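# Residue-level structural notes
Listed below are the residues making up each chain.
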Amino acid sequence: MLDDSLLDTPEALAAADHRALLRGAAEAGARVRTAARHAAEAGVHDLQPDGRPRAILIAGPGAAATCVADLLGTLAGAACPVIRLTPTGVAPAAGALRWELPGWAGSVDLLLIATPDGSEPGLSVLAEQAYRRGCTVAAVAPADSPLTEAAGAVHGLFVPLATAPYEQDEPPQAAASDPGVLWALLTPLLALLDRIALLSAPPEELERVADRLDQVAERCGPAVATYSNPAKTLAAELADALPVVWTEGTSAGPAGRRFAAALAELAGRPALVAELPEALAEHNALLAGPLAASADPEDFFRDRVEEAPALHARVVLLRDRPIGGLTAAPTARELVLSHDTPISELEPEEGDALVTLAELIATTDFAAVYLALASGA
């Protein structure tokens, strides 16, 4: 059950936030600036690339690495395939995970390693394997971690993970979906791929991203009341709902998948994700079935006090296209309303693709954190 009163009590939110998730979300802009500075100090802007890589391979643990690969693949588009190397192992522990290069990987490919831990032996072994194959290696990980030495041994580029001042002495064991972790990993890789002309993320663009993240933090912060806070409003709307996340536009796709991953890891809530217009066919039967908002058990005498409320679908529409363009949103709204299903919509303010994507991710990150705290996850 969601504690509605907690959402509008900043002191209670702070007391419930044992994982410092709200602070991570609020500091996303600062993490981008720090990570961009670390990338510059590591020499990213001084690189002299000899053409574009044939493929980019990304390795790392958890939801953060998955989101980084998804975002970079979306932003790079057709310029270069971006492939995440899925780990294997008997457990999700750092010492148990293993990564393997595909058989075709060689000297014309680029391996990116992104991890908030840096102690995974499997990533050090992967870096050595890539070096033997002739792959160029770049890594983002905590400073002084075992991966630092491994990257140096293979003559790779190493960028230390951006941390907040209070984390420098004893970095916390943050969840992979922690907002601060995502931007600390992603930003140096954006700067690197900008340098090799696979996407556009120059320093001034990263500064605009940081500014937009700061704006979202001001609008969605814990001191802002629910009625004027889009993240708290969305969290309250999803209190007893099954989130059905529909995305429209290239940039909104990874934002929706990131939101679903954050809901699962941070709030312990399942979510379904699909892109418009295919989502209308994929989820039509779902909205018409027992999960529809209009569906309700017929037993009049069931105990409605002791029994948990039934879980019904709620559509969350994330868009990055301007109103008036080619869009399936009107059809989506019509379908949702025809099934008596509620809908929440988020659309960023105008800006470049990377900036609008950052706004969608930041707003939904705040929503996932609020839902986690208010539901006691």
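Residues numbered from 1 in each chain as written. Predicted model: local features only at pLDDT ≥ 70, side-chain atom pairs only at ≥ 80, totals over all residues. Heavy atoms only, no water.

### With respect to the environment of T341
What counts, and what does not: Numbering goes from the N terminus for both helices and strands, where a helix is a DSSP run of H or I of at least four residues and a strand is a run of E of at least two. Here the term buried applies to any residue with accessible area under 20% of the maximum for its type, exposed to any over 50%, and partly exposed to those in between, with areas from a 1.4 Å probe on protein chains only.
Mapped onto the elements of the fold, T341 is located in the loop between α14 (329-338) and β9 (343-346). We classify T341 as buried; its relative accessible area is 3%. Note: C-alpha distance between T341 and A292 (49 residues apart in sequence) is 6.3 Å.

### As for the packing of helix α11 (residues 252-267) against helix α15 (residues 353-374)
Condition: Every axis corresponds to a line fitted to the C-alpha atoms, with the helix fit spanning only the stretch in contact, and the corresponding angles, defined between N-to-C directions, vary from 0 to 180 degrees. By the definition adopted for this analysis, an angle is roughly parallel if under 35 degrees, roughly antiparallel if over 145, roughly perpendicular if from 65 to 115, and oblique otherwise. By convention the crossing between two helices is left-handed if the near helix lies anticlockwise of the far one by an angle smaller than a right angle, and right-handed if it lies clockwise. Residues count as neighbours in contact if any of their non-hydrogen atoms are within 4.5 Å of one another. As a working rule, the residues Ala, Val, Leu, Ile, Met, Phe, Trp, Tyr, Cys and Pro are called nonpolar, Asp, Glu, Lys and Arg charged, and the rest polar, with Gly in that last group.
Packing of α11 against α15 leaves a shortest axis separation of 9 Å and a crossing angle of 15 degrees. The orientation of α11 relative to α15 falls into the category roughly parallel. Here α11 and α15 pass one another in a crossing that is right-handed. Across the interface between the two elements, A252, P254, A255, R258, F259, A262, L263, L266 and A267 from α11 touch L357, L360, I361, T364, D365, A367, A368, V369, L371 and A372 from α15. In terms of residue class, the contact of α11 with α15 is built from 16 nonpolar, 1 polar and 2 charged.

### Things to note about the environment of T34
Within the secondary structure, T34 is located in helix α4 (residues 28-41). Exposure remark for T34: the relative accessible area of 17% places this residue in the buried category. On a C-alpha basis, the gap between T34 and P188 in space is 9.7 Å, while along the polypeptide they are 154 residues apart.

### Overview of the layout of surface pockets
Defined as follows: Within this scheme a cavity is a closed region of a 1 Å grid, computed over the protein atoms alone, that accommodates a 1.4 Å probe without allowing it to escape, whereas a pocket is open but has protein on both sides within 12 Å along at least five of seven lines; lining residues each have an atom within 4 Å of a point. Grid points are joined across faces, edges and corners, and a volume is the space filled by probe spheres set on the points.
One number sums up the size of the second largest pocket: a volume of about 350 Å³. A per-element tally of the lining of the second largest pocket places strand β4 (residues 136-141) first, with 3 residues.

### Some points on the side chain of T364
Applicable threshold: We call two N or O atoms a polar contact when they sit within 3.5 Å, provided that within protein one can donate a hydrogen and the other can accept it, with sequence-adjacent residues counted only if both atoms are side-chain atoms.
In this structure, T364 sits in helix α15. Within the structure, the side chain of T364 is placed 3.1 Å from the backbone oxygen of I361, a separation counted as a polar contact. Among residues more than four places away in sequence, those in contact with T364 are A255, F259, L318 and L346.

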